Amino acid sequence: MSIFTLIAVGILLLFPILGLWFELRVEALQELLEMASFYRSIQVTLISGLGGALVSLLIGIPFARQFAIFDWKGKRWQRLMLLMPYLIPNFVLAIAYVLVWNPATGLMNSWLPFPGGLYGLAGMIFLFGIAHSPVVFLFLEEKFRRLDPSWREAARLSGAGSLRTFTKIELPVLLPSILSSFSLCFALNLSAFAIPAWIGAPAKAYPLTYKIYQSVQMGSEGLATAAVLSAILFLFTIPSLVLNSWIQRKEKKYTLVSGKASRINSTAPSTRSQIFFQIGFWLIQSIGWILPVAFLFVSTLVKPGCLQMGGWSCLPDASLSAYHYVIFDLAETQAALQGSLLYGSLSALIILFLAVFLMAMFGRNPWILRWADTLYSLPVATPGAVIALGLIVCASGKYGINLYNTAWIAVAAYVIKHFHMAFQSLKTGFSNISVSLVEAAKLCGAGPTQTWRRVMIPMLQPEILGGFFLVMVPILGELTMSVFLASPSFRTIGMVMFELQDYADQNSAAAMSILLILLVLAGNGMARILSKGKLGY
């Protein structure tokens, strides 16, 4: 029964991806192969994806090592600031970058110009690197912390400095984890839409995600082309998935902390190294997101275009009128907030219900759990454009299900994309519950339902409540799937912001961006509080 349930849920989650392959047409592929723009799009996709992942490694590895090994005052708050580019939706960062580094009217062009210009491959690579460097940090921080500190001590006593210790000892041991984080960043870069739309498109640097969007905008005529492009994009993500899975299996063969001398500790850094670290930290954070977001906030307090023409002389007339307009006067915003909060909450509830149900079915079977984790992680690495297009193809009546032009197709997309996040957190919490508690409940005469209602669910309450907000955070900041699945009767925050930015109402888009950042931070805070620090950042 458990195996059939596992397969059934897996098919449900992978149905759009599988259905998309039945829509592939040889004629559409042949047509693409004859177009020079197709090969240019693949080139842009690979260069921006690999380049952005490399930048993420260069930023994330030093920070992960510093935060794992050393301890200092204010470390917790600096860690949160380091994770902010991951918490802030990509399209908000893209809007902020356009405001401050637009080649024509950028607010920071006069004193801190963007090398080579913002628009194009260079801008995409840099913004990808900033946005996904926290992924590398989160992936490697615990790995660095678990390294046996006696190794570093022995290297120091042998005269090796920090750089030599890293290259000769830490790097070889952590190389599998570093490659795994690189492949994950590459997959995230491939699936991004907002950064290519606002940073790449003005310079005609179109990756595959944007080409899929252009094809879908053509209607039914471009659907076959979009299906082929989506299949190619999905094929590009498979090597990173396989590599990540293989590396994780290999990692289990190595023990990073072992023996009596091993201990996980944090020491105070030297004054000189801490000075250099703090300078680098604040420089990267300021350029990466603090200054762009700060200018984005200031631009919402003044009249549109005032900062570009009058500079700081506009500040005496600062007001919150932009926020009043987008919250109370702009009908699209009200519909978007209602749609994102209502259907996002509904999606999170469905995800949690499915996750709890599956844990009740096979939570104590490690073999099934391992396969379930692998199966349900596939949609996470699958680009949102592929999932959205698969739903358009499969849920438009052809297979007896018609959700097209309704909010339910977006709910299905959210459930498919973010299910693994709740499943993973519940699996971790479930593994910490002793089997003796379940056995004691059985000896007292409780059946499976009563055991879960009286014992398991109360003990999993932090993971369940925190998981709700943990799932809500990426749903609120979702854009890629929303762009494809939005309809006249359903709008999301991301979709409305995309339209406002596209139709030159940048002041309203900026105000909505700041409100969205506050919502995301509040959701992350609630996840951390309700899960008692187990979830959130």
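Before reading on, note that the structure itself is shown above.
A. Here's a closer look at the overall build of the protein. For the protein, the helix and strand inventory stands at 24 helices and zero strands. With the C-alpha coordinates aligned to their principal axes, the bounding extent of the protein is approximately 70 × 65 × 50 Å. Looking at the 537 residues of the protein, the share that counts as buried comes to 52%. If you take every contact in the protein between residues at least 6 apart in sequence, the share linking residues at least 24 apart comes to 79%. A gap of 14 Å separates the mean positions of the 36 positive and 22 negative side-chain charges of the protein.

B. Inspection of helix α7 (residues 149–157) at higher detail. Residues of α7 that are buried: Pro 149, Arg 152 and Ala 155. Looking down the long axis of α7, one finds its buried residues gathered within 120 degrees of arc, a one-sided arrangement. The elements touched by buried residues of α7 are α3 (36–69), α6 (121–146) and α8 (162–191). Positive phi shows up at Gly 159, right after α7, with a value of about 95 degrees.

C. Spotlight on the nonpolar core. Grouped together as the largest cluster of nonpolar side chains are 165 residues, with contacts concentrated most on Phe 144, Trp 198, Ile 212, Phe 423, Phe 484 and Leu 485. Sequence-distant contacts of Phe 144, that is, excluding residues within four places in its chain, are made with Ile 61, Ala 64, Arg 65, Ala 68, Arg 152, Phe 166, Glu 170 and Leu 174.

D. Molecular detail of the packing of helix α5 (residues 90–101) against helix α24 (residues 506–530). As a packed pair, α5 and α24 sit with axes 10 Å apart at the nearest point and diverge in direction by 140 degrees. It follows that α5 is oblique to α24 by the angle criterion. The interaxial crossing formed by α5 with α24 has left-handed handedness. Contacts between α5 and α24 involve Phe 91, Val 92 and Ile 95 from the first element and Ala 509, Ser 513, Leu 516 and Ile 517 from the second.

E. View of the packing of aromatic side chains. Tallying each qualifying case throughout the model produces 30 aromatic pairs. On the numbers, 5.4 Å between centres and 70 degrees between planes, the contact of Trp 101 with Phe 114 is edge-to-face. In this pair, Trp 101 is assigned in helix α5 and Phe 114 in the loop between α5 and α6, connecting sequence segments 13 residues apart. Residue classification places Phe 114 among the buried residues on the basis of a relative accessible area of 11%. Judged by centre distance (6.4 Å) and plane angle (25 degrees), the ring pair of Phe 144 and Phe 166 falls under stacked. Here Phe 166 lies in helix α8 and Phe 144 lies in helix α6, a separation of 22 residues in the sequence.

F. Seen up close, the environment of Ser 489. Residue position: Ser 489 is located in the loop between α22 (480–485) and α23 (493–502). With a relative accessible area of 61%, Ser 489 lands in the exposed category. When the C-alpha positions of Ser 489 and Leu 470 are compared, they lie 27 Å apart, and in sequence the two are 19 residues distant.

G. Local environment of helix α14 (residues 321–329). Listed in full, the buried residues belonging to α14 are Ala 322, Tyr 323 and Val 326. In an axial view of α14, the angular spread of the buried residues amounts to 100 degrees, which keeps them on one side of the axis. Next to the buried residues of α14 lie α12 (271–299), α15 (331–362) and α24.

H. Just the environment of Ala 395, in detail. Along the chain, Ala 395 falls in the loop between α17 (384–394) and α18 (407–431). Note on Ala 395: relative accessible area 5%, which makes it buried. Considered as a pair, Ala 395 and Lys 73 are 322 residues apart in the sequence and their alpha carbons are 53 Å apart. Those residues within four positions of Ala 395 in sequence are excluded, and the remaining contacts are Ile 401, Asn 402, Leu 403, Tyr 404 and Ile 409.

I. Representation of the side chain of Asn 507 within the structure. Mapped onto the elements, Asn 507 comes out in helix α24. When sequence neighbours within four positions are dropped, the list of residues in contact with Asn 507 reads Ser 299, Thr 300, Val 302, Pro 304 and Ala 322.

J. Main features of a nonpolar patch on the surface. A cluster of nonpolar side chains, contributed by Trp 21, Leu 235, Ile 238 and Val 242, occupies part of the molecular surface with about 340 Å² of accessible area. Broken down by element, the nonpolar patch gets its largest block of residues, three residues, from helix α11 (residues 223–251). Within the secondary structure, Leu 235 sits in helix α11. Looking at Leu 235, the relative accessible area reads 43%, which means it is partly exposed.

K. Molecular detail of the state of the cysteines. According to the stated counting rule, one finds one disulfide in the structure shown. Between Cys 306 and Cys 314 runs a disulfide, and the two sulfur atoms are separated by 1.8 Å. Looking down the S-S bond of the Cys 306 and Cys 314 bridge, the torsion is -100 degrees, so its handedness is left-handed.

L. Just the packing of helix α16 (residues 366–381) against α18, in detail. For the pair α16 and α18, interaxial distance at closest approach is 7 Å and the crossing angle is 145 degrees. In terms of crossing hand, the pair formed by α16 and α18 is left-handed. Of the residues in α18, those touching α16 at Leu 369, Ala 372, Asp 373, Tyr 376, Ser 377, Pro 379 and Val 380 are Ile 416, Lys 417, Phe 419, His 420, Phe 423, Gln 424 and Lys 427. Among the residues forming the contact of α16 with α18, the class breakdown is eight nonpolar, three polar and three charged.

M. Expanded view of the pattern of salt bridges. Inspection of every chain in the model, using the stated rule, returns five salt bridges. A single network of salt bridges, built from pairs that share partners, joins Arg 79, Glu 141, Glu 142 and Arg 145.

N. Main features of unusual backbone geometry. Of note in the backbone geometry, Lys 204 takes a positive phi value of approximately 60 degrees without being a glycine. Classification of Lys 204 by relative accessible area gives exposed; the value is 61%. Its identity is not glycine, yet Asn 405 carries a phi of approximately 65 degrees, on the positive side.

Quick notes on the rules
Residues numbered from 1 in each chain as written. Predicted model: local features only at pLDDT ≥ 70, side-chain atom pairs only at ≥ 80, totals over all residues. Heavy atoms only, no water. Helix = DSSP H or I, 4+ residues; strand = E, 2+ residues; numbered from the N terminus. Buried < 20%, exposed > 50% of the residue type's maximum accessible area, 1.4 Å probe, protein only. Contact = heavy atoms within 4.5 Å. Lys, Arg positive; Asp, Glu negative; His and termini not counted. Charge placed at Lys NZ, Arg CZ, Asp CG, Glu CD. Arc of directions from axis to C-beta. Core = buried A, V, L, I, M, F, W, Y, C linked by side-chain atoms within 4.5 Å. Axes fitted to C-alpha atoms, helices over the stretch in contact; angles between N-to-C directions. Parallel < 35°, antiparallel > 145°, perpendicular 65-115°, else oblique. Left-handed = near helix turned anticlockwise from the far one by under 90°. Phe/Tyr/Trp six-rings, centres within 6.5 Å; stacked < 30°, edge-to-face > 60°. Patch = residues over 30% accessible without salt bridge, like charges linked within 9 Å, V, L, I, M, F, W, Y side chains within 5 Å. Areas by Shrake-Rupley, 256 points an atom, 1.4 Å probe, with all protein chains shown as cover. Salt bridge = Lys/Arg side-chain N within 4 Å of Asp/Glu carboxyl O. Disulfide = S-S within 2.5 Å. Nonpolar A, V, L, I, M, F, W, Y, C, P; charged D, E, K, R; others polar.

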